[in-house]
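Working through the structure, step by step
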Amino acid sequence: MASTGAGKVTDLSAYRAVLASRMRAQASYRASFALDLGSSLLVGVVELAEIAVLYTSVHGIGGLDLAAILLVFGLADLSFSLADMAFGHCDDLPTLIRAGTIDVFYLRPQPLLAQLVTSDISLRRIARGGVGLVVLVIALAINDVPWSPAAVLLLVLALLSGLVTFGSLFVTAAGCQFFLVNGAEMTNAFVYGGRYGATQPASVWGRPLVVLFGFFFPMAFTAYLPVVTLLGLPGLDGLPTWLGWCAPVAALWAVVLAALAWRVGVRHYQGAGG
Amino acid sequence: MLVSARAPILLRLVAAGVRQQTAYPLAALAGLVANVTFGFLKVAVLLATVEAAGGELNGYDAGTMSAYIWISQGLLGSVNLFGRTEIAERIKSGDVVVDFLRPLDVHAAAVATDVGRSLWALLPRGVPSVVIGAVVVGMAVPTSVAGFLLGAVSMVLGIVVSCTTVYLVAATGFWLVETRGVQILYMVVSGFLAGLFVPIGLFPTPLFAVASATPFPSMMMYPVDVLSGRVAGWDAVGLVAAQAGWLVVTAALGQQMTRRGRHKLEVQGG
């Protein structure tokens, strides 16, 4: 058994070595890295501007005013950016499949997903997460938050669940890529569409959208529903206000979905030959 | 064969661009699914905004807002808001040297092939998007035949301006080699100023002025405004004239940059 234990330790250190080398590599081209950080910051700022333009042109949309939507945006954007940093390069899978390089991953005695996830880490996305964090802090200050241990717990739960949910979304998409290959863009519908939806008040959605992004891909649980619970707002028609507390359940469902998609996808792959 | 072998060379390149895209029907379907999903999310939040404003917001009612959403989603396959092009890769790798050896204008050839690809994308991505929007949500259309014709002209001009502008991003590669930074900057700025998520008609005045001083609204916002009938008559002609102006400016700049870049070009490796 001692040898198994030693083996596991070596495995982890291998992952760590790969990640550390990736981080050093990205930071070593300083000008390029600075430009990357800058653009990723700009992406966050532009998205914020789009929301600001909409919410300042009218008094509140879907029961949320500017302050409340900033809280939704900050929460969703922070957890998405962190998930994107860790899992975002799963988007490169179609390239690996087309080129046949994924075969190498199959040959190594480590789980495929662990290899894929640890094959890279996109440091530049820190900048985008920074925008989310700043917006979240400002939003917590300007909203009338009824502070209590429960409120803090709700926020922490929402953030962690959001991170897991978005991470699972990337893995679900990766599982689908084994079937899509040339149609890789299709998963953008729920990964990036989901991210866009997560920053919206779900109360403006029609029934099909509520089913799709409220529950099947549980985007509403990453930010909107916890915020509604926190601020005591009306929320989704006919559903209780405490629904925001169910964010961990939604995250668990997202994990199940991702595990299923990934398993089926990996088994489907037959190699590109040569 | 889409175009006879004796047709002008640029027209044949446009046809080649079309043929290249028809080879990937699944990619077109995937793009459509993504665009339509985003479309429904945009419908939800933007129509709620119009409703919150009392049914009319800066000249947008439910019909024109829906038309804006579905036409802009439909144009996404044809208007390059990502900044990535094949020619950028060829400049980086040095393959563009081969293009310079051909008896062809490198700039014009790259733009023509891009225009072909973009025009094709209107069929599998543009038309279904507009049809879905019209059937499921309903949308405004121009009130006259002239409006439709002008809309068609505006749309084609928008596509060409997008191709000539994105070529400029690629052409910076003659000096920078790695154009990723410029490309990402282009991606962030172009979507915002072309009015991809929020129509520039809702921007506060200073921001609107900034957008109007760039070629980006010419790619998407102006064609959408003319095609949806939100802007009509001489105002619409004015928008089309602005597009034509940007076409001349970006095309001339592309010619200049290509000429100078050719002297600057260094191919690395061997």
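Residues numbered from 1 in each chain as written. Chains lettered and ligands numbered in written order. Predicted model: local features only at pLDDT ≥ 70, side-chain atom pairs only at ≥ 80, totals over all residues.

So, about the overall build of chain A. A tally of helices and strands in chain A yields 12 helices and zero strands. Taken from the N to the C terminus, the helices and strands of chain A come in the order α-α-α-α-α-α-α-α-α-α-α-α. Relative to its length of 274 residues, chain A is compact, with a C-alpha radius of gyration of 20 Å against a globular reference of 19 Å. Principal-axis analysis of the C-alpha atoms gives chain A an extent of 60 × 45 × 40 Å. Put simply, of all contacts in chain A between residues at least 6 apart along the chain, 78% involve residues at least 24 apart. (Helix = DSSP H or I, 4+ residues; strand = E, 2+ residues; numbered from the N terminus. Rg over C-alpha atoms; globule rule 2.2 N^0.38 Å. Contact = placed C-beta atoms within 7 Å.)

Next up on the list: the overall build of chain B. Secondary structure summary: chain B contains 13 helices and zero strands in total. Mapped in sequence order, the helices and strands of chain B form the string α-α-α-α-α-α-α-α-α-α-α-α-α. Relative to the globule expectation of 18 Å for 270 residues, the C-alpha radius of gyration of chain B, 19 Å, shows essentially globular dimensions. Classification of the 270 residues of chain B by burial places 51% in the buried group. Taking all contacts inside chain B whose residues are at least 6 apart in sequence as the whole, residues at least 24 apart take part in 80%. (Buried ≥ 20, exposed ≤ 12 C-beta atoms within 10 Å, placed from the backbone.)

On to the interface of chain A and chain B, then. Across the boundary between the two partners, chain A contributes 31 residues, which contact 29 residues of chain B. A total of 10 residues in the side of chain A that touches chain B trace back to one element, the largest contributor, which is helix 2 (residues 30-57) of chain A. Grouping the amino acids of the side of chain A that touches chain B by side-chain chemistry returns 16 nonpolar, 13 polar and two charged. (Nonpolar A, V, L, I, M, F, W, Y, C, P; charged D, E, K, R; others polar.)

Before going further, it helps to spend a moment on the packing of helix 9 (residues 188-198) of chain A against helix 2 (residues 25-52) of chain B. A packed helix pair is summarised by two numbers, namely the angle formed by the two axes and the spacing between the axes. Two numbers describe how helix 9 of chain A lies on helix 2 of chain B: the axes approach to 9 Å, and their chain directions differ by 20 degrees. Viewed along their axes, helix 9 of chain A and helix 2 of chain B adopt a mutual orientation that is roughly parallel. In this structure, the crossing between helix 9 of chain A and helix 2 of chain B has a hand that is right-handed. Taking contact as the criterion, the partners of A:Asn188, A:Ala189, A:Gly193, A:Tyr196 and A:Gly197 in helix 9 of chain A are, on helix 2 of chain B, B:Val33, B:Ala34, B:Thr37, B:Phe38 and B:Leu41. (Axes fitted to C-alpha atoms, helices over the stretch in contact; angles between N-to-C directions. Parallel < 35°, antiparallel > 145°, perpendicular 65-115°, else oblique. Left-handed = near helix turned anticlockwise from the far one by under 90°.)

So, on to helix 13 (residues 233-264) of chain B. Residues and elements named next belong to chain B. Spanning 32 residues, helix 13 covers 47 Å between terminal C-alpha atoms, matching the ideal 46 Å at 1.5 Å per step. Looking only at helix 13, the buried set comprises Ala236, Leu239, Val240, Gln243, Trp246, Thr250, Ala251, Gly254, Met257, Thr258 and Gly261. On its buried side, helix 13 packs onto helix 6 (106-137), helix 7 (145-171), helix 8 (173-176), helix 11 (216-219) and helix 12 (221-227). (Expected span 1.5 Å × (residues − 1).)

Moving on to the confidence of the model for chain A. Averaged over all residues, the pLDDT of chain A equals 88, while 95% of them reach at least 70. Note on residues 1-7 of chain A: pLDDT is under 50 here. Beyond four places in sequence and across chains, it has zero contacts. (pLDDT = per-residue confidence, 0-100.)

What follows deals with unusual backbone geometry. All names here are of chain B. Although it is not a glycine, asparagine 58 adopts a positive phi angle of roughly 45 degrees. Of note, asparagine 58 is situated in the loop between helix 2 and helix 3 (62-75). Judged by the 12 C-beta atoms lying within 10 Å of it, asparagine 58 is exposed.

A few words now on the nonpolar core. Counting 157 residues, the largest nonpolar core has A:Val72, A:Leu75, A:Phe170, A:Val227 and B:Ala44 as its most contacted members. For this core, the element with the most residues is helix 2 of chain B, which contributes 15 residues. Residues contacting A:Leu75, with those up to four places away along its chain left out, are A:Leu136, A:Ala158, A:Leu159, A:Gly162, A:Ala223 and A:Val227. (Core = buried A, V, L, I, M, F, W, Y, C linked by C-beta atoms within 7 Å.)

Residues and elements named next belong to chain B. Taken as a whole, chain B shows an average pLDDT of 90; of its residues, 97% reach a score of 70 or greater. Confidence scores differ between elements of chain B, with helix 1 (residues 9-22) showing the lowest mean pLDDT of 83 and helix 11 the highest of 97. The complex prediction reports pTM at 0.88, with the ipTM value standing at 0.88.

Turning next to the environment of A:Trp245. Residue and element names in this part refer to chain A. Relative to the helices and strands, tryptophan 245 is located in the loop between helix 11 (224-231) and helix 12 (247-268). Residue class for tryptophan 245 comes out partly exposed when judged on the 18 C-beta atoms lying within 10 Å of it. Measuring from C-alpha to C-alpha, the distance between tryptophan 245 and leucine 230 comes to 9.5 Å, with 15 residues separating the pair along the chain. With residues near it in sequence (within four places) discarded, tryptophan 245 still touches Leu154 and Thr229.

All names here are of chain B. Looking at where alanine 236 falls in the secondary structure, it is placed in helix 13. When the C-alpha atoms of alanine 236 and leucine 150 are compared, they prove to be 7.8 Å apart, with 86 residues separating the residues in sequence. With sequence-adjacent residues up to four places away left out, alanine 236 is seen in contact with Gly147, Leu150, Val226 and Val231.

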